[in-house]
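# Report on the structure
Below are the chains, spelled out letter by letter.
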Amino acid sequence: MEKLSITGNGPLSGDVTISGAKNAALPLLIASLLTDQPCIFSNVPSLRDVKTSLALLEQLGAKVAFEKGQAKIDASGVDNLVAPYELVKTMRASILVLGPMLAKFGQAQVSLPGGCAIGARPVNLHLTGLEQLGAKIEVEAGYITASVDGRLKGANIFMDLVSVGATENLMMAAVLAEGTTTIENAAREPEIVDLANCLNAMGAKVSGAGSDKIIIEGVAKLSGCQHAVLPDRIETGTFLVAAAATRGHIRCLNAAPRTLEAVISKLREAGAQVDTGDDWIELNMADRQPKAVNIRTAPHPGFPTDMQAQFVALNCVANGTGVVAETIFENRFMHVPELHRMGADIELEANSAVCKGNSKLKGAQVMATDLRASASLVIAGLVARGETIVDRIYHLDRGYEQIEVKLGGLGAKIRRIKE
Ligand SMILES: CC(=O)N[C@H]1[C@@H](OP(=O)(O)OP(=O)(O)OC[C@H]2O[C@@H](n3ccc(=O)[nH]c3=O)[C@H](O)[C@@H]2O)O[C@H](CO)[C@@H](O)[C@@H]1O
Ligand SMILES: C=C(OP(=O)(O)O)C(=O)O
């Protein structure tokens, strides 16, 4: 199993180029199921989850090519409408094939994703929404079987909870439905807007994406597209926090500052100078100790849950006490016991982590448990004295493209150990 070795090495400095967003790329690649024409995506990150998505599309019968950040998908030959457990269990976003397959082919069988380290993560909103669009759904033996006679029918859907995945699944189903669909209490994440832009480029009629009410006028057919994936705001935020924690000075290139407002605002509160241009963000901590900040995760435009673990690591070495409340996932503090092993002073109280700050972290062997927990351990390793070994980095490889190469380029002492 591969590991990362990190030795605390002072401030990060220099430029880092941000990759395309995992959470935008996965639904976009899957949207190619909606058309018989080729879809070409650029700025696609080379990540484990992207490869899993392409493998899933290939398994369904699509022709797939992926090279140098460009993915070409031709779904005209799709003839297998089953997404098997073996693939779905490694990537929850596989559930997103359900809506488009149902809309395009009238039926689909998709394994239930099951829970994961950060929470139970049910898919009830995906299923009830599809039922409102006219689908017949049965769940048996770990599989969701969905079918519809003729086309799906537009409906008014009110989401009980804000769900990114359910909003995306329902958007992709509704674009080929008969009539108009309204999704209220929709997720407003930038990745939803990216998906809507791509669907519209394919000939769909989606409006309101980025607000909590999305309106979709169904069309009979979609065409192919060429689309560049949105820059990854969570990868960007992770590098910015790493720079702040190490009291460094970095610039993130090919970034999308407008998607990161809540994170940038917290970094400024922590004492960082942050400047932005159209596609770059510069953070300068000028060798100052960061100040601890309070965080409460919330759906976009609130503070993203995917940046929570990284700020816990930052608070550990900051001045003062910061309280980090997680409101989206019920079990997203798996990094805390691992940070304890490095000497962090954090108390867990219900859904909050009270980070006492001023910790003198020491390198240790730690275990990555999920994607962003892993990122927080890497950040802690960058500021700790001595060597930190992060085990189970396959979690990191799901969402960070060549993290050790990019951090190495900023001056970090980090290497991948292949055993
Ligand atoms: C591939 C991708 O884009 N993943 C992101 C997506 O995950 P994902 O789309 O899975 O997350 P959701 O927005 O759906 O989850 C939000 C909350 O709603 C709950 N819920 C969701 C669906 C449902 O049918 N029933 C239900 O109860 C979830 O358990 C969770 O508590 O948004 C999350 C929240 O921003 C991010 O952390 C993930 O990185
Ligand atoms: C939780 C995440 O991803 P996923 O929804 O793919 O598990 C994440 O990107 O932090």
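Residues numbered from 1 in each chain as written. Chains lettered and ligands numbered in written order. Predicted model: local features only at pLDDT ≥ 70, side-chain atom pairs only at ≥ 80, totals over all residues.

Per an unreviewed UniProt entry, the chain goes by UDP-N-acetylglucosamine 1-carboxyvinyltransferase and derives from Saliniradius amylolyticus.

## A look at the overall build of the chain
Helix and strand counts for the chain stand at 14 helices and 24 strands. Relative to a compact globule of 419 residues, whose C-alpha radius of gyration would be 22 Å, the chain shows 21 Å and is just as compact. Seen through its C-alpha atoms, the chain measures out along the principal axes to roughly 65 × 45 × 40 Å. Excluding contacts between residues fewer than 6 apart, the proportion of contacts in the chain whose partners are at least 24 apart in sequence is 72%. (Helix = DSSP H or I, 4+ residues; strand = E, 2+ residues; numbered from the N terminus. Rg over C-alpha atoms; globule rule 2.2 N^0.38 Å. Contact = placed C-beta atoms within 7 Å.)

## Looking at the domain arrangement of the chain
The domains assigned to the chain are domain 1 (2-19 + 231-418) and domain 2 (22-228). Contacts between the two partners involve 19 residues from domain 1 and, on the opposite side, 14 residues from domain 2. Counting residues per element, the side of domain 1 that touches domain 2 draws most heavily on helix α13 (residues 394-399), at 4 residues. (Domains from an automatic or database assignment.)

## Considering the site of ligand 2
The immediate surroundings of ligand 2 are formed by Asn23, Arg92, Ala93, Asp306, Leu371, Arg372 and Gly399. Tallied by class, the residues present in the shell around ligand 2 amount to 2 nonpolar, 2 polar and 3 charged. Two domains each put at least three residues into the shell around ligand 2: domain 1 (2-19 + 231-418) and domain 2 (22-228). (Near = placed C-beta within 6 Å. Nonpolar A, V, L, I, M, F, W, Y, C, P; charged D, E, K, R; others polar.)

## Some points on the UniProt feature "domain: Enolpyruvate transferase" (unreviewed entry) in the chain
If you check UniProt for "domain: Enolpyruvate transferase" (unreviewed entry), the listed places come out as residues 7-407 in our numbering. As annotated, residues 7-407 comprises 32% helix and 23% strand, and the C-alpha atoms at either end are separated by 12 Å. (UniProt positions renumbered as here; feature names shortened; annotations may be inferred.)

## Let's talk about the site of ligand 1
If you check the shell around ligand 1, you find 21 residues, and the closest are Asn23, Leu125, Ser163, Val164 and Gly165. Elements represented by at least two residues in the shell around ligand 1 include exactly α1 (22-31), α5 (124-132) and α6 (164-174). Of the residues belonging to the shell around ligand 1, the class tally is 11 nonpolar, 7 polar and 3 charged. Residues lining the shell around ligand 1 come from more than one domain, with at least three contributed by each of domain 1 (2-19 + 231-418) and domain 2 (22-228).

## Some words on the UniProt feature "modified residue: 2-(S-cysteinyl)pyruvic acid O-phosphothioketal" (unreviewed entry) in the chain
The residues that UniProt annotates with the feature "modified residue: 2-(S-cysteinyl)pyruvic acid O-phosphothioketal" (unreviewed entry) are Cys116. Assignment of secondary structure puts Cys116 in the loop between β7 (107-111) and α5. Residue Cys116 is classed as partly exposed on the basis of its 16 C-beta neighbours within 10 Å. The residues contacting Cys116, other than those within four sequence positions of it, are Arg92 and Arg121. (Buried ≥ 20, exposed ≤ 12 C-beta atoms within 10 Å, placed from the backbone.)

## A short note on α5
Within the span of α5, buried status applies to Leu125, His126, Leu127, Gly129 and Leu130. Tucked inside the fold, the buried residues of α5 contact α4 (98-105), β8 (136-140), β9 (143-147), β10 (156-158) and α6. Just downstream of α5, Gly134 is the residue with a positive phi angle, here 105°.

## With respect to the nonpolar core
Counting 148 residues, the largest nonpolar core has Leu98, Leu102, Met171, Val175, Ala244 and Val312 as the members making the most contacts within it. Setting aside residues up to four positions removed in sequence, Leu98 forms contacts with Ala108, Val110, His126, Leu130, Ile144, Ala146 and Asn169. (Core = buried A, V, L, I, M, F, W, Y, C linked by C-beta atoms within 7 Å.)

## Here's the deal with the pairing of strand β15 (residues 249-253)
Sheet topology places strand β2 (residues 13-17) next to β15; 5 bridges connect them, and they run parallel. Its bridge partner being in β15, Asp15 is matched across the sheet by Arg251. (Pairing = 2+ DSSP bridges.)

## A few points about the sheet that holds strand β20 (residues 346-349)
The sheet built from 4 strands is open, its strands ordered β18-β19-β21-β20 with mixed pairing. Two strands bound the open sheet, and with one partner strand each, they are β18 (295-296) and β20. The sheet contact formed by β18 and strand β19 (residues 322-325) spans 2 bridges and is parallel. For Arg296, the partnering residue across the bridge sits in β19 and is Ala325.

## Quick notes on unusual backbone geometry
In the segment running from His300 into Pro301, the intervening peptide bond is cis, with an omega of 10°. If you trace the backbone, Pro301 turns up in the loop between β18 and α10 (308-316). Even without being a glycine, Ala141 presents a positive backbone phi close to 50°. Residue class for Ala141 comes out exposed when judged on the 8 C-beta atoms lying within 10 Å of it.

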